[in-house]
Amino acid sequence: MATILVTGALGQIGAELVPALRARHGVDNVIATDLKVLPPSGAAAIAPYGHLDCTEPHQLHEAVRRYDVGTIYHLAALLSASAEAAPQLAWSVNMNGLYNVLEVARGYGCQVFFPSSIGAFGPTTPRDATPQVTVQRPTTIYGVTKVAGELLCDYYASRFGIDTRGLRLPGLISYVAAPGGGTTDYAVEMFYHAVRYGRYTCFLSADTRLDMMYMPDAITAMMDLMAAESGRLRYRNAYNVAAMSVTPAELAAAIARHVPGFTVDFEIDPVRQAIADSWPRSLDDSAAHHDWGFAPRYDLEAMTTDMLARLKTKLAAARNR
Ligand SMILES: NC(=O)c1ccc[n+]([C@@H]2O[C@H](COP(=O)([O-])OP(=O)(O)OC[C@H]3O[C@@H](n4cnc5c(N)ncnc54)[C@H](O)[C@@H]3O)[C@@H](O)[C@H]2O)c1
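Throughout what follows, the structure given in this document is the object of discussion.

The rules behind the values
Residues numbered from 1 in each chain as written. Predicted model: local features only at pLDDT ≥ 70, side-chain atom pairs only at ≥ 80, totals over all residues. Heavy atoms only, no water. Helix = DSSP H or I, 4+ residues; strand = E, 2+ residues; numbered from the N terminus. Rg over C-alpha atoms; globule rule 2.2 N^0.38 Å. Contact = heavy atoms within 4.5 Å. Areas by Shrake-Rupley, 256 points an atom, 1.4 Å probe, with all protein chains shown as cover. Lys, Arg positive; Asp, Glu negative; His and termini not counted. Charge placed at Lys NZ, Arg CZ, Asp CG, Glu CD. Axes fitted to C-alpha atoms, helices over the stretch in contact; angles between N-to-C directions. Left-handed = near helix turned anticlockwise from the far one by under 90°. Nonpolar A, V, L, I, M, F, W, Y, C, P; charged D, E, K, R; others polar. Parallel < 35°, antiparallel > 145°, perpendicular 65-115°, else oblique. Pairing = 2+ DSSP bridges. Near = heavy atom within 4 Å. Polar contact = N/O pair within 3.5 Å; in protein donor to acceptor, adjacent residues only side chain to side chain. Phe/Tyr/Trp six-rings, centres within 6.5 Å; stacked < 30°, edge-to-face > 60°. Buried < 20%, exposed > 50% of the residue type's maximum accessible area, 1.4 Å probe, protein only.

### Description of the overall build of the protein chain
- When you go through the protein chain residue by residue, the secondary structure sums to 12 helices and 12 strands.
- A globule of 321 residues ought to have a C-alpha radius of gyration of about 20 Å, and the protein chain, at 19 Å, matches this closely.
- Principal axes of the C-alpha set define a box for the protein chain whose edges measure 55 × 50 × 40 Å.
- Relative to all contacts within the protein chain whose residues are 6 or more apart in sequence, the contacts with residues 24 or more apart total 79%.
- Looking at the protein chain as shown, the accessible area adds up to about 13,400 Å², and 54% of this sits on carbon and sulfur atoms.
- Computed over 27 positive and 31 negative side-chain charges, the separation of the two mean positions in the protein chain equals 3 Å.

### Some remarks on the packing of helix α3 (residues 57-67) against helix α5 (residues 87-108)
- As a packed pair, α3 and α5 sit with axes 9 Å apart at the nearest point and diverge in direction by 40 degrees. As α3 runs across α5, the sense of the crossing is right-handed. The segment α3 lies against α5, with Pro57, Leu60, His61, Val64 and Arg65 engaging Gly97, Asn100, Val101, Val104 and Tyr108.
- Its residues assigned to classes, the contact of α3 with α5 comprises six nonpolar, three polar and one charged.

### Points about the packing of helix α7 (residues 185-196) against helix α12 (residues 300-320)
- At a minimum axis distance of 10 Å, the contact between α7 and α12 shows a crossing angle of 55 degrees. On the basis of the axis angle, α7 is oblique to α12. As α7 packs across α12, the resulting crossing turns out to be right-handed. Residues Phe191, Tyr192, Val195 and Arg196 of α7 pack against Met303, Thr304, Met307, Leu308, Leu311, Lys312, Lys314 and Leu315 of α12.

### Quick look at the sheet that holds strand β7 (residues 171-173)
- Strand order in this open sheet of three strands is β7-β9-β11, and the pairing throughout is mixed. In this open sheet, the two strands that pair with only one neighbour each are β7 and β11 (244-246). Taken pair by pair, the neighbouring strands of this sheet meet at an average axis angle of 45 degrees, ignoring direction.
- In this sheet, β11 lies alongside strand β9 (residues 210-214) in antiparallel orientation, the contact comprising three bridges.

### Topic: the site of the ligand
- By nearness alone, 27 residues border the ligand, and Gln12, Ile13, Asp34, Tyr142 and Lys146 come closest of all.
- Between the ligand and Asp34, the relevant distance is 2.6 Å, taken from an oxygen atom to a side-chain nitrogen or oxygen of the residue.
- Within the side chain of Tyr142, a nitrogen or oxygen atom sits 2.6 Å from an oxygen atom of the ligand.
- Bound to the protein, the ligand loses 92% of the 840 Å² it would expose on its own.
- It is strand β5 (residues 111-117) that provides the largest number of residues to the shell around the ligand, a total of three residues.
- Here the residues of the shell around the ligand sort into 15 nonpolar, eight polar and four charged.

### Some thoughts on the packing of aromatic side chains
- Going through the model one piece at a time under the given rule, you end up with nine aromatic pairs.
- With 6.2 Å between their ring centres and 75 degrees between their planes, Tyr155 and Tyr156 make a pair best called edge-to-face.
- Residue class for Tyr155 comes out partly exposed when judged on its relative accessible area of 40%.
- Relative accessible area serves as the criterion here: at 4%, Tyr156 is assigned to the buried category.
- Through pairs of rings, three or more aromatic residues link up here, namely Tyr235, Tyr239, Trp292 and Phe294.

Structure representation (structure tokens):
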């Protein structure tokens, strides 16, 4: 089979997507790449691994040609808070990187996965049960690159026949790799602080409601979408997907049921609060359910139980090393 290339593979999603793809397709058929240059021992641990800067088109061409790549999961990007701190760099990585991926896909006939986000919506979007097709006027540079990315993927699908597919992912909660500078990072931090210290200072207000998803559901959704029969997909970029719509107060209460005495106080970060306030509170993901069978397994309670158990094991193992 033609191989799979993952860009930005060392991030929060890649850390779990790469092993899942390798379990399904074979280790040697999934090439992990990232901007980060790893020491030989680090690279060997996740081989096949290569340094790849997605803003350098020749590096992408070389990797796709050399490894006979048939599918690209393009994860490399700056996330919402990091992007707001460096808008010019965010444009370069998020837009030029995607353009380079689509161009190489056009040249070699690759299938492309592009992760969009709830950040592709803005303050004029209906905030509850946000429809699949609706107003998208984001006010962050991250959102601008996600909407433009969705449109560019649609264009390459209709104009050049490239098999592009995408999801509008909500905030992702996971324990394997740390989140990379997003507005929903508070949720992951809250779990770590609950286990380590029994308390957490949250940078979003207690009642900020946003969609979230546990990473195993996100990984399954990406792989299921890419495997779905093409003719069933009414949308290319990108399908709304969500699993739970929660506030920091609700997440804290769910954690406190397992970690007695856990407390949260609030020190609002105005930049990330403004970003969160411009996003939907909950997405309508019925099109994903209907078209390719999206069915998340984890609600707030199931995720909290699993996340705490795995995090405790992980942190205890780290302490004993
Ligand atoms: N994590 C979430 O909650 C979430 C939610 C919605 C959408 N997404 C999207 O999913 C994708 C992956 O997210 P993530 O959470 O894994 O991000 P992350 O920040 O954890 O990882 C991104 C990776 O991209 C790499 N990178 C940065 N610039 C690069 C470049 N020029 N070339 C190659 N690699 C580069 C970084 O080194 C990093 O390892 C992004 O497009 C993000 O917008 C993530």
